[in-house]
Amino acid sequence: MSGHPSLEARELNVGYAGNNALTLSLLAVGEGELVGVVGANGAGKSTLVNSLLGWSRGSPRVSGTVWLGGSRISNLPTHERVRAGLLLVPEGKLVFGRMTVEENLTGMRTTPRNDDRRTYSIADVYDLFPRLAERRYHLGAQLSGGERQMLGIARALRFGPRVLLLDEPSIGLAPRLVSSVLRTVRSLVDAGLSVLLVEQNVRAAIEVVDRLILLERGRVVAEGAAAAMRDDPRIAEAYLGAQAG
Amino acid sequence: MNLSQQFINGLVLGHAYALIAVGWTVLLGIARLVNFAHGQIYMLCAFVAWYVTSRLGLPYLISFPAAMLMGIAVGYVMQRVLLLLTLKQDLVSIMIATLGFGYVLQGTAALVFGSTGQIFETPLSRAEVYFENVWFTYQDIAIITATIVLFTVLRYTIKRTHVGRLTRMVAEDPHLAQLAGIDVRKVYLAVFAFEGAAVAVAAVLVAPRTPILTSMGFEEVIVTFVVVVLGGIGSILGSYVAGLALGLFTAFFGALVAPAYTTAAAFAVLIAVLVLRPGGFAARAGEH
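Small disclaimer: the values here were computed from a predicted structure and weren't measured. (Residues numbered from 1 in each chain as written. Chains lettered and ligands numbered in written order. Predicted model: local features only at pLDDT ≥ 70, side-chain atom pairs only at ≥ 80, totals over all residues.)

Asker: Before we move on, can you summarise the sheet that holds strand E2 (residues 19-29) of chain A with the specific residues and values?
Answerer: Pairing between the strands of a sheet is mediated by backbone hydrogen bonds and can be parallel or antiparallel. Residue and element names in this part refer to chain A. Taken in spatial order, the four strands line up as E2-E1-E4-E5 in an open sheet, and their pairing is antiparallel. A strand with exactly one partner marks an edge of an open sheet, and here the two such strands are E2 and strand E5 (71-72). With nine bridges joining them, strand E1 (residues 7-16) and E2 adopt antiparallel strand pairing. Within E2, the residue paired with Leu-12 across the bridge is Leu-24. Each of E1, E2 and strand E4 (61-68) is contacted by helix H1 (residues 45-53), which is oriented at about 70° to E2, the strand it contacts most. (Pairing = 2+ DSSP bridges. Helix = DSSP H or I, 4+ residues; strand = E, 2+ residues; numbered from the N terminus. Contact = placed C-beta atoms within 7 Å. Axes fitted to C-alpha atoms, helices over the stretch in contact; angles between N-to-C directions.)

Asker: Requested: an account of the sheet that holds strand E8 (residues 194-199) of chain A, with residues and values cited.
Answerer: Residues and elements named next belong to chain A. Overall, mixed pairing links the six strands, which are arranged E6-E7-E8-E3-E9-E10 in an open sheet. Where the open sheet ends on each side, the last strands, each with one partner, are strand E6 (86-89) and strand E10 (219-225). Direction aside, the axes of adjacent strands within the sheet are offset by 15° on average. In this sheet, E10 lies alongside strand E9 (residues 211-216) in antiparallel orientation, the contact comprising six bridges.

Asker: Explain helix H1 (residues 3-31) of chain B to me, using residue names and the numbers behind them.
Answerer: Taking 1.5 Å of rise per residue, the 29 residues of H1(B) would be expected to cover 42 Å, and the 41 Å separating its terminal C-alpha atoms lies within 8% of that figure. The buried fraction of H1(B) amounts to 22 of the 29 residues, a majority that puts the element mostly inside the structure. (Expected span 1.5 Å × (residues − 1). Buried ≥ 20, exposed ≤ 12 C-beta atoms within 10 Å, placed from the backbone.)

Asker: Account for the packing of helix H6 (residues 138-160) of chain B against helix H7 (residues 162-172) of chain B, naming residues and giving values.
Answerer: The geometry of a pair of packed helices is captured by two quantities: the angle between their axes and the separation between those axes. All names here are of chain B. At a closest axis distance of 5 Å, the pairing of H6 and H7 adopts a crossing angle of 75°. When the interaxial angle is binned, H6 and H7 end up roughly perpendicular. Touching Thr-157, Ile-158, Lys-159 and Arg-160 of H6 are Val-163, Gly-164, Thr-167 and Arg-168, all from H7. (Parallel < 35°, antiparallel > 145°, perpendicular 65-115°, else oblique.)

Asker: How would you sum up the interface of chain A and chain B? Please name residues and give values.
Answerer: Contact residues are listed per partner, giving 20 residues for chain A and 15 residues for chain B. At the level of elements, helix H2 (78-84) and helix H3 (101-106) of chain A are the ones that each hand at least two residues to the side of chain A that touches chain B. The element that contributes the greatest number of residues to the side of chain A that touches chain B is H2(A), accounting for four residues. A breakdown of the residues in the side of chain A that touches chain B according to their chemical character gives nine nonpolar, five polar and six charged. (Nonpolar A, V, L, I, M, F, W, Y, C, P; charged D, E, K, R; others polar.)

Asker: Please set out unusual backbone geometry residue by residue, giving values where relevant.
Answerer: All names here are of chain A. Here Glu-11, not a glycine, exhibits a phi torsion of approximately 50°, which is positive. On the secondary structure map, Glu-11 appears in strand E1. A residue is classified by how many C-beta atoms lie within 10 Å of it, and Glu-11, with 11 of them, is exposed. In this structure, Glu-168 is a non-glycine residue whose phi angle is positive, near 55°. Checked against the element boundaries, Glu-168 lands in the loop between strand E7 (163-167) and helix H7 (175-190).

Asker: Account for the environment of A:Leu182, with residues named and values stated.
Answerer: All names here are of chain A. Inspection of the secondary structure assignment puts Leu-182 in helix H7. A residue is classified by how many C-beta atoms lie within 10 Å of it, and Leu-182, with 24 of them, is buried. For the pair Leu-182 and Val-209, spaced 27 residues apart in the sequence, the C-alpha separation amounts to 9.3 Å. The residues contacting Leu-182, other than those within four sequence positions of it, are Ala-204 and Val-208.

Asker: Could you give an account of the pairing of E6(A), naming the residues involved and the relevant values?
Answerer: All names here are of chain A. Across the two faces of E6 the burial is the same, with Leu-86 and Leu-88 and Leu-87 and Val-89 all buried. Pairing of E6 with E7, which is carried by four bridges, proceeds in the parallel orientation. By the bridge assignment for E7, Leu-86 is matched with Val-163.

Asker: Explain the packing of helix H10 (residues 218-231) of chain B against helix H12 (residues 262-276) of chain B to me, using residue names and the numbers behind them.
Answerer: Residue and element names in this part refer to chain B. Viewed as axis vectors pointing N to C, H10 and H12 meet at an angle of 20°, and their least axial separation amounts to 10 Å. The angle between H10 and H12 falls in the class roughly parallel. In this structure, the crossing between H10 and H12 has a hand that is left-handed. Residues Ile-222, Val-226, Val-229 and Leu-230 of H10 form the contact with H12, whose participating residues are Thr-263, Ala-266, Leu-270 and Val-273. (Left-handed = near helix turned anticlockwise from the far one by under 90°.)

Asker: Could you give an account of the confidence of the model for chain B, with specific residues and numbers?
Answerer: All names here are of chain B. Averaged over every residue, the pLDDT of chain B is 89; residues scoring 70 or more account for 96%. When pLDDT is averaged over each element of chain B, helix H2 (residues 38-55) comes out on top at 96 and H12 at the bottom at 84. What the predictor reports for the complex is a pTM of 0.85 with an ipTM of 0.90. (pLDDT = per-residue confidence, 0-100.)

Asker: Mind laying out the pairing of E4(A), listing which residues take part and the relevant values?
Answerer: On a regular strand, one side chain projects to one face of the sheet and the next to the other, so that they alternate. Residues and elements named next belong to chain A. Of the pairings in the sheet, the one linking E1 to E4 comprises seven bridges and is antiparallel in character. Counted as the bridge partner of Asn-13 is Ser-63 from E4. Across two bridges, the pairing between E4 and E5 is antiparallel. For Trp-67, the partnering residue across the bridge sits in E5 and is Arg-72.

Asker: Lay out H1(A) with the relevant residues and their values.
Answerer: All names here are of chain A. For H1, the buried fraction is high: nine of the nine residues fall into the buried class. Within the sequence span of H1, burial applies to Lys-45, Ser-46, Thr-47, Leu-48, Val-49, Asn-50, Ser-51, Leu-52 and Leu-53. Two residues or fewer after H1 comes Gly-54, characterised by a positive phi angle close to 65°.

What follows is the structure, given as C-alpha cells:
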C-alpha cells in the first residue's frame, strides 16, 4: 500500500463554450476499490471520466488537479496519462473496427515496467473473456456490443492499468450480458484493480460497487457506501423506483 | 508501331507514378491529409540531388540521403506549422496552406537554383540497354526495382509490424488512439517526414528521365492525385496498381491517340472509375 488513493481529483471544473458541465471538489478511488458514478443523461458522468484523462472529442475547458498513485498527472497529455496507468474504456466507439480482435490487443506497447502494475498477457485476457479467443481473427466492426465491451476492457488490461475507468459498459447490452460484464469487473477489483465505473443502469451498478456517487447537473449530490446508498431516497425514488414499486 | 516499346515505357512510367505517389498515399491513408506542396517537394529534392552530383561532383548514391534529408526537413517543418490544423482535421485550411507552401518552395528554389532547366544525368541514366526492338536504361530498371521494394516493405510494415498497427490505429480514429497510449502528434510528424523522404527517393530516381525546372511540380501533384484516388484512399496495393495502370494508359494513349490529350483522358478514366467503383481499385474493407 502506498498510502495514496489510486486516483484522486481535486477542484475539477469542466466547461463547454462557457457552460459549466462539471464541478467536483474531491474524488478519490482507493486501491482495490470499485466506485460507481451514477446519474441521469447529461449529469456529467462521461465528462468526469474524460476530464480525468484530459481526453475529449470536443474542446472543453478543464481545470483542477488529478493524481494517479500519488503522482500528479493533470499536467500530462492524454497518451502519457494512459502510459502512467489510467485507462479508459469509453462509451460508444471503443474498439478499432478495421483491426482484428488480436490486433486490437497487440497494437500497443506492453513492455514490462519497474512497478507493481499487473500487465495482462493475451492468454490472460482470453482466459478472462473466452469469447474473444473464439473471435480473435474477426474485425472489431464485426463484433456484437457485448464483445466490443469485452475487447475494450481486455485492451485496457493489456496495458497494465493502475485505475480503470469504465464509461457506461452496460449501454446496448442484454441484461444477462450486463451482469456478466459487471461480474467480471468485480472479479478484477477483487484481484486488486481500482475501478471507477460510470453507469446509468443504477440497479446493476449498485450490486457490484463498493461506493456510489450520485451526480446531478454536474455536481455530487449524494455519496456513500453502496449498501447505504441503496436506501437513500434520492437513489431509491429516482433510479430504483420501479423495483421499489 | 512498336507495342513492346510502349509496354516498356508504360511499365517504367507506371512505376515512376506509383513511386511519386507513395508518400501521399500514406499521408492520406494515415493522417487523412492532402499535401498540395507534394510536387514542389519533388522538385526541390530533384534539384538537391542534381546539385550534389553535378555541382559538388559527389557520387549519385550520396544524392539519396541528401535529397531525403531535404524532404524530411520540409515535411517536418510543414507539419510543425500545420499541427493545430492537422489535429483539428481542418482540411480546407490545410489544402490552402499546403498550396501556399508549394509556391514558397517554388520561389525559394528559383532564387537558389535559377529558373533555367537543368539536365540531371546519372551513371544509370547513361547506361542504355537495347534488346531486340526495345530500349531502356539502367535508371528505368532502378525505378521499377526501387518501387517494388518500397511498396513491398511498406505494405509489410503497415500490415504486420507494431509500428504499422500503431499507424493504423491513428488512421482509423486518432482520438481513440490516444487512449491506447499513442502520441498522435508524433505519428503525424513521422508520416509527414516519411512523405518527404519517399518523394525525395522518387525525385532522385525519376527526375533524371527528363530535364528539371524549378517551375515543375504541378504535373506530379496531378499524377499523384489520380493515383491515390484511383487506388482507393490510403491503399498501398491500390496505389501501386493505379500507378501502373495510369503509366500503361498514358504510354498507349500517347502512342495510339495523341500525347497532348493524355491528362484529359486520364481524368476521364478517373471520373468513370469513381462513378462505377467509388472506393477506387481497392474498394474492399480493410485493404492496405
